[in-house]
Structures are given as structure tokens and as C-alpha cells.
Amino acid sequence: MPEKVITGLTNGQLYGFRIFPRNMKNQYQTRMDRGTAEATPRAGILLSSIPEGGMVKLTENGAGVNFYVAKHDYESGLNGAGRTLVVRKDLVTRTKWEKNVVRHNYYSDSTVDIYLNNTYFPMLSTDLQELIGETAIYYTPYYTNAVTTLTRKVFLLSMAELGFSVFGAGYNKEGSSLPIYTSLLVVYMDGVAYGQWTRSPYTSGMFDAWCIESNGGSANLDIDLTRGARPAFTLPSTMQFNPTPNSDGSYSPL
């Protein structure tokens, strides 16, 4: 059945709806009430109008979790305009980058990549899952290979996106620094600052990847070590949010 859009309603006004079937003669069967519903339309604000650095509260495992609005029109050259990058304010877990060293430091299908897309993604509400698109990101496939692209629903940030720009010193230029990268360097889990993995492999060795440590500095670490995973993904910039912020300053979807 096609979606029915009703226009001309007044925000804040309660409306009642009743559903009736229609016969082959295009006549409504008013004695065959199929259900009623009530709804109150509300005016929302677009995700694109929330400033970069602001926060939105998204549903994860049935609870609201804060995410930074990190960049509007994220990688528009790869994905087109109209997608906004959001990054979880806190770590979701601590994990190894890749536990199977036979595969070396591939980000694609690494332990952390599989966790984000197979374990973490289902934690998000069904509505969010439907809105999250497959996002093209820049990444280094392995070791010293040239930068190419990878498509993922959920991913880690790169060294370049976190503001590190001495390319050729063990990492490649995988995208550009985010407008709020300084706010993303130190991240917490249960009130404690931990290091966070990036998606950038160490290009001068096969068994290391890059991490931002708890003090905001960088280090290339053995991929078998445990550090934090911080999910990032994109949402449509037209997504609607309640114009009244929550007590912590975040905005919740309508």
C-alpha cells in the first residue's frame, strides 16, 4: 500500500484518524471500520541545521546514547551531498584491531571491522538501521598499498580525520581532518579515558595499526593489543529532530 501523506495540519494539534476499506467500485465501506489512530504533528529541525560539534541522542540497545555531529556532507566526492557523519561520544567497547595476525593489518574484515558491522550495528534501533547508508570511506588495504575506498555502514575514523597530517610517517592520507577533530582525540568509557583504534594501518610494518592514546597522542601498536572502538556512520541530513534540546544539550529524533 502506498504511503499516504497528509498536509495542511497544525503542529501541536491532536488529530484522530479512522481507516475504512474501499470496494471495487471505488466506494468506501463506512460500516467496516478497520481501525483508529491518533497523532500530533510536531515541527522538527533538520540534522543539517545542527552545528558540527553539537550532539544528537540516538537509540542503542533501547537507551539514548550521545553522538557528535562530526561533518555535514561527509565525503561528498564519494557519497554525494546530503549525508552527515556522526561519531559516538564515548567508546562502545574495547577490542583487538585484528586477532588473526596471519592476515596482517588489513582493516577490511579485521576483528574491529567485523565487530562494528556484525555486533554493534544490530544494537541500534530498527529506525536508525534503515537510515544508515553504506558509506564510502578512504582506506589503505594493507601495509604500504596506495589509498583506495571501502564501503561500510559503521567504521572507525582515520588518522587524517583525527587531525594527523605527517603523511608518509607510517600512515596514509585517508580523507581530511574533521572540523571537530580536537574534540574527538580523547575519549572515555565508563568515565575512564582509553586509547581508541583508528582504521589506519601502520604502513611501515605488517603487524601494527594506529591508535590515539588516552592523552590524545598517537602510537602504532601491535594489532593483537586491546584498545577502544568508537563507531562512526552517516545519516541523511534531512533527518528530523525535536527542536527542543535535551537537558544535556543533545537533540533527539522525532
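Above this note sits the structure.
Throughout what follows, the structure given in this document is the object of discussion. The structure displayed is predicted, hence computed values, not measured ones.

### Brief notes about the overall build of the chain
Consideration 1: Along the chain, the regular secondary structure elements total four helices and 17 strands.
Consideration 2: Relative to its full complement of 254 residues, the chain shows a buried share of 43%.
Consideration 3: A fraction of 59% describes how many contacts in the chain between residues 6 or more apart in sequence connect residues 24 or more apart.
Consideration 4: Carbon together with sulfur atoms contributes 49% to the accessible area of the chain, which is approximately 13000 Å² in total.

### Describing the layout of surface pockets
Consideration 1: In this structure, the second largest pocket spans a volume of roughly 180 Å³.
Consideration 2: For the second largest pocket, the full set of lining residues is Thr-59, Ser-125, Asp-127, Leu-128, Leu-131, Met-239, Gln-240, Pro-253 and Leu-254.
Consideration 3: Element by element, the count of residues in the lining of the second largest pocket is highest for helix H3 (residues 126–131), at three residues.

### Some details on the side chain of Ser-200
Consideration 1: Within the secondary structure layout, Ser-200 lies in strand E12 (residues 196–201).
Consideration 2: Judged by relative accessible area, Ser-200 falls into the buried class, the value being 0%.
Consideration 3: At a separation of 3.0 Å, a polar atom in the side chain of Ser-200 contacts the main-chain amide nitrogen of Met-159.

### Quick look at empty space enclosed by the protein
Consideration 1: Throughout the structure, instances matching the rule amount to one cavity of 30 Å³ or more.
Consideration 2: Looking at the largest cavity, its volume works out to about 30 Å³.
Consideration 3: Lining the largest cavity, in full, are Val-87, Leu-156, Leu-157, Leu-162, Gln-196, Trp-197 and Arg-230.
Consideration 4: Classifying every residue of the lining of the largest cavity gives five nonpolar, one polar and one charged.

### Looking at the pattern of salt bridges
Consideration 1: A full pass over the atoms with the stated rule returns seven salt bridges.
Consideration 2: A salt bridge links Lys-96 to Asp-224; the shortest N-O distance between them is 3.2 Å. Of this pair, Lys-96 sits in strand E7 (residues 93–96) while Asp-224 sits in the loop between strand E14 (218–222) and strand E15 (226–229), and the two are 128 residues apart along the sequence.
Consideration 3: Lys-96 sits in the partly exposed class, given a relative accessible area of 31%.
Consideration 4: On the basis of relative accessibility, which here comes to 32%, the residue Asp-224 falls in the partly exposed class.
Consideration 5: Of the charged contacts, one joins Asp-113 and Arg-152 as a salt bridge, the two residues approaching to 3.0 Å between their closest N and O atoms. One end of the pair, Asp-113, is in helix H2 (residues 111–120); the other, Arg-152, is in strand E9 (residues 148–152), and 39 residues separate them in sequence. Residues Asp-113 and Arg-152 agree in their burial class; the two are buried.
Consideration 6: Salt bridges sharing common partners tie together Asp-109, Asp-113 and Arg-152.

### Focus on the packing of aromatic side chains
Consideration 1: Scanning all chains against the criterion turns up eight aromatic pairs.
Consideration 2: Between Trp-97 and Tyr-107, the ring centres sit 6.0 Å apart and the planes meet at 50°, which makes this aromatic pair tilted. Highlighted residues: Trp-97 in the loop between E7 and H2 and Tyr-107 in the loop between E7 and H2, separated in sequence by ten residues.
Consideration 3: Ring geometry for Phe-167 against Tyr-171: centres 6.0 Å apart, planes inclined by 85°, an arrangement best described as edge-to-face.
Consideration 4: Overall, Phe-167 belongs to the partly exposed group, its relative accessible area being 33%.

### Here's the deal with the nonpolar core
Consideration 1: Counting residues in hydrophobic clusters, the biggest one holds 56 residues, and the most contacted among them are Val-56, Leu-58, Leu-85, Tyr-107, Tyr-120, Phe-233 and Leu-235.
Consideration 2: Looking at this core, the elements with two or more residues in it are strand E4 (55–60), strand E5 (63–71), strand E6 (83–88), H2, strand E8 (135–139), strand E13 (208–212), E14 and strand E16 (232–236).
Consideration 3: With five residues, E5 is the largest single contributor of residues to this core.
Consideration 4: Every residue in contact with Tyr-120, bar those within four places of it in the chain, is listed here: Glu-60, Phe-67, Arg-88, Val-92, Tyr-115, Val-154, Pro-231 and Phe-233.

### Overview of the environment of Thr-151
Consideration 1: Examined against the element boundaries, Thr-151 turns out to sit in strand E9.
Consideration 2: According to the relative accessible area criterion, Thr-151 is partly exposed, its value standing at 41%.
Consideration 3: Through-space distance from the C-alpha of Thr-151 to that of Ser-108 is 9.5 Å; in sequence the pair is 43 residues apart.
Consideration 4: Among residues more than four places away in sequence, those in contact with Thr-151 are Glu-134, Thr-135 and Ala-136.

Thresholds, definitions, all that
- Residues numbered from 1 in each chain as written.
- Predicted model: local features only at pLDDT ≥ 70, side-chain atom pairs only at ≥ 80, totals over all residues.
- Heavy atoms only, no water.
- Helix = DSSP H or I, 4+ residues; strand = E, 2+ residues; numbered from the N terminus.
- Buried < 20%, exposed > 50% of the residue type's maximum accessible area, 1.4 Å probe, protein only.
- Contact = heavy atoms within 4.5 Å.
- Areas by Shrake-Rupley, 256 points an atom, 1.4 Å probe, with all protein chains shown as cover.
- 1 Å grid on protein atoms, 1.4 Å probe; cavity = no way out; pocket = protein on both sides within 12 Å on 5 of 7 lines; lining within 4 Å.
- Points joined across faces, edges and corners; volume = space filled by probe spheres on them.
- Polar contact = N/O pair within 3.5 Å; in protein donor to acceptor, adjacent residues only side chain to side chain.
- Nonpolar A, V, L, I, M, F, W, Y, C, P; charged D, E, K, R; others polar.
- Salt bridge = Lys/Arg side-chain N within 4 Å of Asp/Glu carboxyl O.
- Phe/Tyr/Trp six-rings, centres within 6.5 Å; stacked < 30°, edge-to-face > 60°.
- Core = buried A, V, L, I, M, F, W, Y, C linked by side-chain atoms within 4.5 Å.

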